[in-house]
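# Commentary on secondary and tertiary structure
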Amino acid sequence: MTTIAARLKTVRERIAHACTDAGRDVNEVTLLAVSKTFGPDAVREAHAAGALSFGENYIQEAVEKQALLAGLPLEWHCIGPIQSNKTRLVATHFAWAQTVDRLKIAQRLSEQRPPQLPPLNVCLQVNIDGGANKSGVAPGEALALGRAILALPQLRLRGLMSIPEPTEDFAAQRTLHQRARELYEDLRAAGLPLDTLSMGMTDDLEAAIHAGSTMVRVGTAIFGSRAKPVTSA
Ligand SMILES: *Cc1c(COP(=O)(O)O)cnc(C)c1O
């Protein structure tokens, strides 16, 4: 077994164990393999070991990688910030955009989604812990943004995505994830047709699953630590 295959197996075991612990069906939780900064060979290896969905933060990097992997049936998720000048690339090259937090970006994604492709799946990124400099829509504005997105023809609103402030304490992690879960349930009760709650990464996936995550985004535990922090989008 390759290293990536072995690590993937460990991650799947962690997910299964957390689901058992939380009394949840393991099929409720999708694994998104976050391949940012890793090359096409790493993605190929993960795919050979059964990974189907891949998350990327840096759009230019992702598009170049995708070109080298054309032919593999991979589902690409944009999980990095989306500036206006990158919306066309995201609309063209991804199946999901998980970081939508402004209507203007959503409108551009809908307008620029090629008509021959299915609607782009969208999650609202929510700033659940209120960090002043963080991306994400404020929880109180999520319903209005979600409703506006429902009216955009080439987008399919799927859920919420959150990246809470890292903390090592399980209870603290779970408290923040539970806030996202409550917002998710409130929005569903208000009529938004959401089925995806994207939260939990290498260090907090257990807490996220306990709080109701339906998609964990895991990079380090699958591909190893990232050599260089990439700062440009
Ligand atoms: C990098 C990243 C991840 C993966 O983080 P790990 O700690 O390496 O698992 C998940 N979500 C987002 C938005 C990221 O930027």
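Residues numbered from 1 in each chain as written. Predicted model: local features only at pLDDT ≥ 70, side-chain atom pairs only at ≥ 80, totals over all residues. Heavy atoms only, no water.

## Digging into the UniProt feature "domain: Alanine racemase N-terminal" (unreviewed entry) in the protein chain
The residues that UniProt annotates with the feature "domain: Alanine racemase N-terminal" (unreviewed entry) are residues 14-226. A helix fraction of 40% and a strand fraction of 18% characterise residues 14-226, whose end C-alpha atoms lie 21 Å from each other. (UniProt positions renumbered as here; feature names shortened; annotations may be inferred. Helix = DSSP H or I, 4+ residues; strand = E, 2+ residues; numbered from the N terminus.)

## With respect to the site of the ligand
Around the ligand there are 13 residues in total, and Lys 36, Asn 57, Thr 202, Thr 220 and Arg 226 lie nearest to it. Here Lys 36 contributes a side-chain N or O atom positioned 2.7 Å from an oxygen atom of the ligand. Arg 217 places a polar side-chain atom, nitrogen or oxygen, 2.9 Å from a nitrogen atom of the ligand. With respect to the pocket detection grid, the ligand is positioned in the largest pocket. (Near = heavy atom within 4 Å. Polar contact = N/O pair within 3.5 Å; in protein donor to acceptor, adjacent residues only side chain to side chain. 1 Å grid on protein atoms, 1.4 Å probe; cavity = no way out; pocket = protein on both sides within 12 Å on 5 of 7 lines; lining within 4 Å. Sits in = over half its atoms within 2 Å of the grid points.)

## Let's talk about the UniProt feature "modified residue: N6-(pyridoxal phosphate)lysine" (unreviewed entry) in the protein chain
Under the local residue numbering, the UniProt record ascribes the feature "modified residue: N6-(pyridoxal phosphate)lysine" (unreviewed entry) to Lys 36. Take Lys 36: it is sitting in the loop between β1 (30-34) and α2 (40-48). Once you skip the residues sitting within four places of it in the chain, Lys 36 turns out to touch Gly 55, Glu 56, Asn 57, Tyr 58, Glu 61, Lys 65 and Arg 226. (Contact = heavy atoms within 4.5 Å.)

## Quick look at the pairing of strand β8 (residues 215-218)
What you see with β8 is no split at all: Met 215 and Arg 217 on one side and Val 216 and Val 218 on the other are buried throughout. Bridging between β1 and β8 involves 4 bridges; their strand directions are parallel. Across the sheet, the residue bridging to Ala 33 is Val 218, located in β8. (Buried < 20%, exposed > 50% of the residue type's maximum accessible area, 1.4 Å probe, protein only. Pairing = 2+ DSSP bridges.)

## Regarding the pattern of salt bridges
For side chains bearing opposite charge, pairing can occur when the charged atoms are close. Evaluated as defined, the whole model comprises 12 salt bridges. The shortest N-O distance in the salt bridge between Asp 101 and Arg 102 comes to 3.9 Å. The class of Arg 102 is partly exposed, set by a relative accessible area of 37%. Two residues, Asp 195 and Arg 158, come together in a salt bridge whose shortest N-O distance is 3.0 Å. Taken as a pair, Asp 195 in the loop between α7 (170-189) and β7 (196-198) and Arg 158 in strand β6 (residues 155-161) lie far apart in primary sequence, 37 residues in all. By relative accessible area, Asp 195 is classed as partly exposed at 37%. Three or more residues joined by partner-sharing salt bridges are found here, namely Glu 56, Glu 61 and Lys 65. (Salt bridge = Lys/Arg side-chain N within 4 Å of Asp/Glu carboxyl O.)

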